[in-house]
Amino acid sequence: MTKWYMVRRWITSQFQHLSGKHVAVAVLAYASLSWVLLKAAGEQELTTPIVDFVYYLIVTASTVGYGDMSPQTDAGKWVAALFVIPCGLGIFAIGVGRLAGIAIQFWRKGLTGKRSVDVSDHILILGWNESRTLHLIDMLLHEEKNKRPIVLCVRVDIENPLPKDIDFVRTTSFTDETAMARAGVKDASCIIIDNPEDDITFAAALFCASKNPDAHILAYFQDEVLSNLLKTHCPKAECIPSVSVEMMAKSALDPGSSELHHELLNTRKGMTQYAVSYPADAKYTTVNALFLSMKEKHDATLIGIRRDSNVQLNPPLDAEVIPNDLLFYIADERVTDFSWEH
């Protein structure tokens, strides 16, 4: 009993360590030996031409058994019964199991973040804040729809929270060259960094800026000191400060302010704040003309202008609007077909 148990354990361990090379060698050996035995048994119709032989082996090993080809000699029947069928069934099962294992392993790597993502011009999110991150992804999915893919890269030990909607990469550090390459940091068009620890956010932002200086980098900070320090080293980075205290103070002085700001940031219902670039080939105009045109044609309200790095809210009506200015407006939905003629 002990010897039989040891033999079973050895056989099981060998099957568990079967590689694709072993399966390929077994298939070739099985096919070669089957051809030799059937040829020796006088089964000319099963062994020639080679296409018919391969067809017979596949049909027999897969248990389909159409019956259009079968051994005609007694020796051929013995060969089929004792070797071709039982060995074919075993090799076919091993091959199918191996393919299924590869497919499951590939799927698991994607779910656990161990696989490289094959995307470009995507939105890369670095960090995990549970419900806040999920809410961020939900808002991005609603806005982007089928435009830019989203990749979530985290340090915590979790699986992809939204496997049907986003790609997922797990790493031990946001400055790890290999892991960040798997997340496509060099090909991302927008990088959002949001971590509970500001020092990790700061290091990740510096790393991403060095690898992809053209990306739109957004970094959320609770400490304004690190926010200002990042702007010193990465002028193009957009630092998002924590405004919870300011929001409470504003609501205390002007009741309802928090609801107003929440409405402006909500992309799913009500009026939302958006931005659009004034075309490079558009004519110079004024805030007054543009304000009336946007309101009449698109029911959108112009609220601010950004030129270079300066943002002007509630600009005067006679202020000039020039090509490449970034215009901030409020509308029920993002306007994709602005008519700039007015």
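Analysis parameters
Residues numbered from 1 in each chain as written. Predicted model: local features only at pLDDT ≥ 70, side-chain atom pairs only at ≥ 80, totals over all residues. Heavy atoms only, no water. UniProt positions renumbered as here; feature names shortened; annotations may be inferred. Patch = residues over 30% accessible without salt bridge, like charges linked within 9 Å, V, L, I, M, F, W, Y side chains within 5 Å. Areas by Shrake-Rupley, 256 points an atom, 1.4 Å probe, with all protein chains shown as cover. Salt bridge = Lys/Arg side-chain N within 4 Å of Asp/Glu carboxyl O. Helix = DSSP H or I, 4+ residues; strand = E, 2+ residues; numbered from the N terminus. Buried < 20%, exposed > 50% of the residue type's maximum accessible area, 1.4 Å probe, protein only. Expected span 1.5 Å × (residues − 1). Pairing = 2+ DSSP bridges. Axes fitted to C-alpha atoms, helices over the stretch in contact; angles between N-to-C directions. Contact = heavy atoms within 4.5 Å.

The chain is annotated in an unreviewed UniProt entry as Potassium channel protein of Enterovibrio norvegicus FF-454. Word for word, the UniProt comment on the chain under Subcellular location (unreviewed entry) is "Cell membrane".

*Asks:* Honestly, a nonpolar patch on the surface in this entry has me stumped. Any pointers?
*Replies:* Where nonpolar side chains cluster on the molecular surface, the patch consists of Leu33, Trp35, Val36, Leu37, Ile50, Val51, Val54 and Ile58 and spans about 690 Å² of accessible area. For the nonpolar patch, the elements supplying multiple residues, two or more each, are helix H2 (20-40) and helix H4 (50-61). Ile50 sits in the exposed class, given a relative accessible area of 52%.

*Asks:* Would you mind showing me how to read H4 here?
*Replies:* An α-helical turn contains 3.6 residues, so a residue and the one three or four places further along point in the same direction. Between the first and last C-alpha of H4 there are 16 Å, a value that for 12 residues agrees with the 16 Å anticipated at 1.5 Å per step. Of the residues making up H4, those classed as buried are Phe53, Tyr56, Leu57, Val59, Thr60 and Ala61. Of the residues one or two after H4, Thr63 is the one with positive phi, at around 65°.

*Asks:* So what exactly am I meant to see when it comes to the sheet that holds strand S3 (residues 167-170) here?
*Replies:* Strand pairs in the sheet, formed through backbone hydrogen bonds, run parallel or antiparallel to each other. Taking strand neighbours across the sheet as the criterion, the six strands line up as S3-S2-S1-S4-S5-S6 in an open arrangement whose pairing is parallel. What marks the edges here is a single partner per strand, and that holds for S3 and strand S6 (238-241). Averaged over all adjacent pairs, the angle separating strand axes in this sheet is 15°, with direction ignored. Here four bridges tie strand S2 (residues 150-154) to S3, and the two strands are oriented parallel to one another. Residue pairing for S3: Val154 is matched across the bridge by Arg170. Contacts from helix H9 (residues 224-233) reach strand S5 (216-221) and S6 within the one sheet, and its direction differs from that of S5 by about 160°.

*Asks:* I would appreciate a short explanation of the pattern of salt bridges in the present structure.
*Replies:* When the charged atoms of two side chains lie near each other, side chains of opposite charge can form a pair. Evaluated as defined, the whole model comprises five salt bridges. A salt bridge links Arg170 to Asp157; the shortest N-O distance between them is 3.3 Å. Here the residue Arg170 occupies a position in strand S3, and Asp157 occupies one in the loop between S2 and S3, the gap between them amounting to 13 residues. The partly exposed category is assigned to Arg170, whose relative accessible area is 23%. The exposure class assigned to Asp157 is exposed, which follows from its relative accessible area of 66%. A salt bridge links Lys295 to Asp299; the shortest N-O distance between them is 3.3 Å. Of the residues examined, Asp299 reaches a relative accessible area of 41% and is grouped as partly exposed.

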